[in-house]
Amino acid sequence: MKSDTTGKLRSLVGLACAMFLMPATALAEEVVPSTDPVADSLAELATGVNTVWMLLAAMLVFFMQPGFALVEAGFTRSKNTANILMKNLVDFMFGSLLFWVIGFGLMFGVGGFVGAPHFIDLDAMAQVIDNGLPIEGFLIFQTVFCATSATIVSGAMAERTKFSMYLVYTVFISVLIYPISGHWTWGGGWLMDGSEDSFMMRLFGYASHDFAGSMVVHSVGGWIALVGAAILGPRMGKFGKDGKARAIPGHNLTIAALGVFILWFGWFGFNPGSQLAAASSDDQTAISHVFLTTNLAACAGGVLALVVSWLKFGKPSLSLTLNGILAGLVGITAGCDVVSPLGSAIIGAVCGIVMIYSVEFIEHKLKIDDPVGASSVHGVCGTLGTILVGLFAVDGGTFYGGGFGFLGAQTFAALVVAAWAVVMGFIIFKCLDKLHGLRVPSRIEEEGLDIYEHGESAYNH
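Residues numbered from 1 in each chain as written. Predicted model: local features only at pLDDT ≥ 70, side-chain atom pairs only at ≥ 80, totals over all residues. Heavy atoms only, no water.

**Considering the overall build of the chain**
For step 1, the next point in the chain: Across its full length, the chain carries 17 helices and zero strands.
For step 2, the next point in the chain: Projected onto its principal axes, the C-alpha coordinates of the chain cover approximately 125 × 50 × 40 Å.
For step 3, the next point in the chain: When each of the 461 residues of the chain is scored for burial, the buried share is 53%.
For step 4, the next point in the chain: Taking as baseline every contact in the chain between residues at least 6 positions apart, the subset at least 24 positions apart corresponds to 75%.
For step 5, the next point in the chain: Of the roughly 20200 Å² of accessible surface on the chain, a fraction of 69% belongs to carbon and sulfur atoms.
For step 6, the next point in the chain: Taken together, the 22 basic and 33 acidic charged side chains of the chain have centroids lying 15 Å from each other. (Helix = DSSP H or I, 4+ residues; strand = E, 2+ residues; numbered from the N terminus. Buried < 20%, exposed > 50% of the residue type's maximum accessible area, 1.4 Å probe, protein only. Contact = heavy atoms within 4.5 Å. Areas by Shrake-Rupley, 256 points an atom, 1.4 Å probe, with all protein chains shown as cover. Lys, Arg positive; Asp, Glu negative; His and termini not counted. Charge placed at Lys NZ, Arg CZ, Asp CG, Glu CD.)

This is how it looks when you write it as structure tokens:
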């Protein structure tokens, strides 16, 4: 009997000890999780490397802003240089603030047609975007891309646009047109939704692909630029009474060439930086591949533009060669990660050739005056480069036995985004033109925007 009682007491004591110790053990497990310190250190190091790479790429893309400014200034007349430089400053300043306040949320927030605005609440966006990178760094990386899309429009509408109206339509591009089409694509929207029951997968068997922005950034800016230039009308003296186009030479091809070199350099942040990681061997291989394809496309675009301009006009044109380099860069940006080096050279070459005929068609047939060829370089070649991914992608491309599904997805997405940019650009520019007028008076245009719009000149002769 005593033995039975002792056994029961021991059982009760054991149960009490277990009940007492169990919460403490659970708490201890919660507070001091069992982790591998070496793995944690390696993970932190990888995140640090990826963050530094992303921010370095953002710096390179930011440096493209002076590149655009120099190209545009060099291709136009000296009396409008201060105006052009001011516009390129303004679209980055305004674009950065507006994208931070609202555009970032519209592009990457939760939603169908458009993301939910975040109104500068980056903590809320950090809950939505889980890419292992600081949300502040990802914001600045996306901001420089938004600014690129906005600045493209400036060139096509140069030398006759009111500065005040430029400010207004920059706002619309930064907070409406670019973020919404960006949400459909990079924001996880319907054009790049690869889930099994998504619209694109059901229709084509593929989601669209745009690695660094041929469609998302360049074509949007280029098609808006074309519509704006059409509504604005040509510069005085561009077309004679017989309707034939007359050349209006830029004042300084030296600074235009320097601008192209800067853009070329910046593109090594634009495309390889879109990998958003550099820590693993796979990332390093991917970045190196994108560097190579980007450079090959630029070179092929420039060489073919040089050759075609020489054959077509009897002289190798510097201005067309410069735009050929940019056309190759724009064209390869969508598929720089999925095409072979040979494919990238072919894409660059095709875009370099098409750019020349596009410039001629827009000027001579459509009678639209685009002083720097922005609509051809960015609009036409951005759309064309996106479509060509469907042919040249090593995995799924038509020329690699993938059939026509991926080509269909690329074509459909490129046309949808182009239509969005054209329609929204038409509505905004037409409304602004009716309400306030987009164009400066003829006297100001004739004497130059620098003095009348800004009270100062870039050159004091």
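**Considering the pattern of salt bridges**
Oppositely charged side chains are able to pair whenever their charged atoms sit close together.
For step 1, the next point in the chain: Following the criterion strictly, the structure yields eight salt bridges and no others.
For step 2, the next point in the chain: A salt bridge links Arg235 to Asp369; its shortest N-O distance comes to 2.7 Å. Placement of the pair is Arg235 in the loop between helix H9 (214–232) and helix H10 (253–270) and Asp369 in the loop between helix H13 (341–365) and helix H14 (374–392), with a sequence separation of 134 residues. The same class applies to Arg235 and to Asp369, which are both buried.
For step 3, the next point in the chain: One salt bridge connects Lys312 with Glu360, and the closest N-O pair in it is separated by 3.1 Å. Here Lys312 is found in helix H11 (residues 281–313), whereas its partner Glu360 is found in helix H13, with 48 residues between them in sequence.
For step 4, the next point in the chain: According to the relative accessible area criterion, Glu360 is partly exposed, its value standing at 28%.
For step 5, the next point in the chain: What emerges from the salt-bridge pattern is a single network uniting Arg77, Glu159, Arg235 and Asp369. (Salt bridge = Lys/Arg side-chain N within 4 Å of Asp/Glu carboxyl O.)

**Focus: H11**
For step 1, the next point in the chain: The end-to-end C-alpha distance of H11, which contains 33 residues, comes to 48 Å, matching closely the 48 Å that a straight helix rising 1.5 Å per residue would cover.
For step 2, the next point in the chain: At the exit of H11 stands Gly314, carrying a positive phi of roughly 85 degrees. (Expected span 1.5 Å × (residues − 1).)

**A short note on the side chain of Thr143**
For step 1, the next point in the chain: Within the element layout of this structure, Thr143 appears in helix H6 (residues 135–156).
For step 2, the next point in the chain: Thr143 sits in the buried class, given a relative accessible area of 3%.
For step 3, the next point in the chain: Within the structure, the side chain of Thr143 is placed 2.7 Å from the backbone oxygen of Leu139, a separation counted as a polar contact. (Polar contact = N/O pair within 3.5 Å; in protein donor to acceptor, adjacent residues only side chain to side chain.)

**Remarks on the layout of surface pockets**
For step 1, the next point in the chain: Considering only enclosed or pocket space, the largest pocket measures out at about 690 Å³ in volume.
For step 2, the next point in the chain: Around the largest pocket, the lining is made up of 25 residues, and of these Ala247, Ser319, Leu320, Val359 and Glu363 lie nearest the centre.
For step 3, the next point in the chain: Here the lining of the largest pocket takes five residues from H13, the largest share from any one element.
For step 4, the next point in the chain: Split into classes, the residues belonging to the lining of the largest pocket amount to twelve nonpolar, six polar and seven charged.
For step 5, the next point in the chain: Lining the second largest pocket, in full, are Phe108, Asn131, Phe138, Phe141, Gln142, Phe145, Trp186, Phe211, Ser274 and Leu276.
For step 6, the next point in the chain: Considering every element that reaches the lining of the second largest pocket, the biggest residue donor is H6, with four residues.
For step 7, the next point in the chain: Taken together, the residues that form the lining of the second largest pocket break down as seven nonpolar, three polar and no charged. (1 Å grid on protein atoms, 1.4 Å probe; cavity = no way out; pocket = protein on both sides within 12 Å on 5 of 7 lines; lining within 4 Å. Points joined across faces, edges and corners; volume = space filled by probe spheres on them. Nonpolar A, V, L, I, M, F, W, Y, C, P; charged D, E, K, R; others polar.)

**Quick notes on empty space enclosed by the protein**
For step 1, the next point in the chain: Per the stated rule, a full pass over the model turns up two cavities of 30 Å³ or more.
For step 2, the next point in the chain: One number sums up the size of the largest cavity: a volume of about 150 Å³.
For step 3, the next point in the chain: Taken together, 14 residues make up the lining of the largest cavity; nearest its centre are Phe68, Val71, Val372, Ala374 and His378.
For step 4, the next point in the chain: Secondary structure elements with two or more residues in the lining of the largest cavity: helix H3 (64–74), H6, helix H12 (318–332) and H14.
For step 5, the next point in the chain: Its residues assigned to classes, the lining of the largest cavity shows eight nonpolar, five polar and one charged.
For step 6, the next point in the chain: Counted as a void, the second largest cavity has a volume near 50 Å³.
For step 7, the next point in the chain: Lining the second largest cavity we find Val359, Ile362, Glu363, Ile368, Asp370, Gly373, Ser375 and Ser376.

**Section: the packing of helix H4 (residues 81–108) against helix H7 (residues 163–184)**
For step 1, the next point in the chain: Interhelical geometry of H4 versus H7 gives an angle of 35 degrees and a closest axis separation of 8 Å. Crossing handedness for the pair H4 and H7: right-handed.
For step 2, the next point in the chain: Considering only residue class, the contact of H4 with H7 consists of 16 nonpolar, seven polar and two charged. (Axes fitted to C-alpha atoms, helices over the stretch in contact; angles between N-to-C directions. Left-handed = near helix turned anticlockwise from the far one by under 90°.)

**Focus on the packing of aromatic side chains**
For step 1, the next point in the chain: Summed over the entire model, instances satisfying the criterion amount to 25 aromatic pairs.
For step 2, the next point in the chain: Note on Phe108 and Phe138: the rings are 5.2 Å apart at their centroids and 70 degrees apart in plane angle, and the pair reads as edge-to-face. Taken together, the positions of Phe108 in helix H4 and Phe138 in helix H6 put the pair 30 residues apart, joining distant regions of the chain.
For step 3, the next point in the chain: Judged by relative accessible area, which is 5%, Phe138 ranks as buried.
For step 4, the next point in the chain: Consider the rings of Phe113 and Trp420, whose centres lie 6.2 Å apart with planes at 75 degrees: the pair is edge-to-face. Residue Phe113 is located in the loop between H4 and helix H5 (122–128), and its partner Trp420 is located in helix H15 (residues 405–435); the two are separated by 307 residues in the primary sequence.
For step 5, the next point in the chain: For Trp420, a relative accessible area of 13% gives the class buried. (Phe/Tyr/Trp six-rings, centres within 6.5 Å; stacked < 30°, edge-to-face > 60°.)

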